[in-house]
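Residue-level structural notes
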Amino acid sequence: MENELLQRITLNPEICHGKPTIRNKRYPVELILDLLSAGMTQSEILADYPSLEEDDIRACLVYASRLTRIKSIHRVLA
């Protein structure tokens, strides 16, 4: 189920400067996480953003959870 949810998270350099978004829409994952951390419920978010689905919000949570499992982060020098 997690892998199916993660397929909703897309990375497209043409949308939101390449940030992770929901289904190639202009809804960055960070927006949904910020709304949840501010205390909004799933129902409130879905009411404010009718093109989103419950599974989109779950996908954001799964994505964030996966990011916390990263063992190390390496700095990339340009």
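Numbers given for residues are sequential positions, taken from 1 along each chain in its written order. Where totals are concerned, whole chains, interfaces and linings use all residues; where local detail is concerned, this predicted model gives features only for residues with pLDDT of at least 70, and gives and counts side-chain atom pairs only at 80 or more. Here the side-chain values reflect all heavy atoms present in the structure, with hydrogen atoms and water set aside.

1. A few points about the packing of helix 2 (residues 29-37) against helix 4 (residues 54-67)
Heads up, the rule is: Lines fitted to C-alpha atoms define the axes, with helix axes restricted to the stretch in contact, and inter-axis angles between N-to-C directions lie between 0 and 180 degrees. Only DSSP runs of H or I with at least four residues qualify as helices, and only runs of E with at least two residues qualify as strands; both kinds are numbered from the N terminus onward. Each angle receives one of four descriptions, namely roughly parallel if under 35 degrees, roughly antiparallel if over 145, roughly perpendicular if within 65 to 115, and oblique otherwise. Any two residues whose heavy atoms approach within 4.5 Å are treated as being in contact. Under the scheme applied here, ten amino acids are nonpolar (Ala, Val, Leu, Ile, Met, Phe, Trp, Tyr, Cys and Pro), four are charged (Asp, Glu, Lys and Arg), and all others, including Gly, are polar.
In contact at an axis separation of 9 Å, helix 2 and helix 4 are set at 95 degrees when each is read in the N-to-C sense. Between helix 2 and helix 4, the angle falls in the class roughly perpendicular. Across from Val29, Ile32, Leu33 and Leu36 in helix 2, the residues of helix 4 making contact are Ile57, Cys60, Leu61, Tyr63 and Ala64. Residue composition of the contact of helix 2 with helix 4, grouped by class: nine nonpolar, no polar and no charged.

2. A closer look at the packing of aromatic side chains
Our working definition: Each pair of aromatic rings taken from Phe, Tyr and Trp, with Trp reduced to its six-membered ring, is defined by centres within 6.5 Å and is described as stacked if the planes are under 30 degrees apart, edge-to-face if over 60, and tilted in the remaining cases. Using a 1.4 Å probe on the protein chains alone, a residue whose accessible area is under 20% of its type maximum counts as buried, one over 50% counts as exposed, and one in between counts as partly exposed.
Tallied over the entire structure, the rule returns one aromatic pair. Measuring from ring centre to ring centre gives 5.5 Å for tyrosine 27 and tyrosine 49, while their planes differ by 80 degrees; the resulting arrangement is edge-to-face. Placement of the pair is tyrosine 27 in the loop between strand 2 (20-22) and helix 2 and tyrosine 49 in the loop between helix 3 (42-48) and helix 4, with a sequence separation of 22 residues. The buried category is assigned to tyrosine 27, whose relative accessible area is 19%.

3. Considering unusual backbone geometry
In the Ramachandran plot, histidine 17 falls in the positive-phi region, its phi being about 55 degrees despite a non-glycine side chain. Looking at where histidine 17 falls in the secondary structure, it is placed in the loop between strand 1 (9-11) and strand 2.

None of the figures reported here should be taken as evidence of function without further support.
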